[in-house]
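# Overview (structure and organization)
As a plain string of letters, each chain reads:
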Amino acid sequence: MSSTPDIAIIGVGLHPFGRYEDRSALEMGAVAISRALRDAGVDFSDVDKMVKEQVLDRVDHTNLNDFIENPTAENIATWMWHRLEGKLPGLAEVRLWEIPTSCVVYRGPGGKW
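Predicted model, so just to flag it, every value in this text is computed and none were measured.

Rules used throughout
- Residues numbered from 1 in each chain as written.
- Predicted model: local features only at pLDDT ≥ 70, side-chain atom pairs only at ≥ 80, totals over all residues.
- Heavy atoms only, no water.
- Buried < 20%, exposed > 50% of the residue type's maximum accessible area, 1.4 Å probe, protein only.
- Helix = DSSP H or I, 4+ residues; strand = E, 2+ residues; numbered from the N terminus.
- Contact = heavy atoms within 4.5 Å.
- Polar contact = N/O pair within 3.5 Å; in protein donor to acceptor, adjacent residues only side chain to side chain.
- Expected span 1.5 Å × (residues − 1).
- Arc of directions from axis to C-beta.

Unusually for a residue other than glycine, His-61 sits at a positive phi of about 55°. Residue classification places His-61 among the exposed residues on the basis of a relative accessible area of 79%. Of note, Asn-70 is a non-glycine position whose phi angle comes to about 55°, a positive value.

Let's shift gears to the environment of Arg-95. Looking at where Arg-95 falls in the secondary structure, it is placed in strand 1 (residues 94–99). Sequence-wise, Arg-95 and Trp-81 are 14 residues apart; in three dimensions their C-alpha atoms are separated by 9.4 Å. Beyond its immediate stretch of four places on either side in the chain, Arg-95 contacts Cys-103, Val-104, Val-105 and Arg-107. In terms of polar contacts, Arg-95 uses its side chain to reach the side chain of Glu-93, at 2.7 Å.

With that settled, the discussion passes to helix 1 (residues 25–40). Given a rise of 1.5 Å per residue, 16 residues ought to cover 22 Å, and the 22 Å separating the end C-alpha atoms of helix 1 matches this to within 8%. Within the sequence span of helix 1, burial applies to Ala-32, Ala-36 and Leu-37. End-on view of helix 1: buried residues confined to an arc of 130°, all on one side of the axis. Tucked inside the fold, the buried residues of helix 1 contact helix 2 (44–59). Phi turns positive one or two residues past the end of helix 1, at Gly-41, with a value near 75°.

Worth remembering: the numbers are spatial, not functional.
This is the structure we're talking about:
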């Protein structure tokens, strides 16, 4: 199991279909992500910086109860959305993984769970 968090980037970005003996699934995924970000006019370093500033720096070494009422996974995902909304062009959803097989998805106030 990887220690890095799962990240989903939704956009127009595909790796050409076919069998590629010289590329791993991770490398092909990186190509698709790069193309999706480019299509959205977003640089990954901007996404990384914004998530760090707006979410990770705020929650690191803190008690979530101090700034999120009833910090369930659903409420944390909603809080994350509001921190990132308007700062990340094309933000479609926030996905918070509790364990490798369980997550919550928040798609904004008008979105569907």
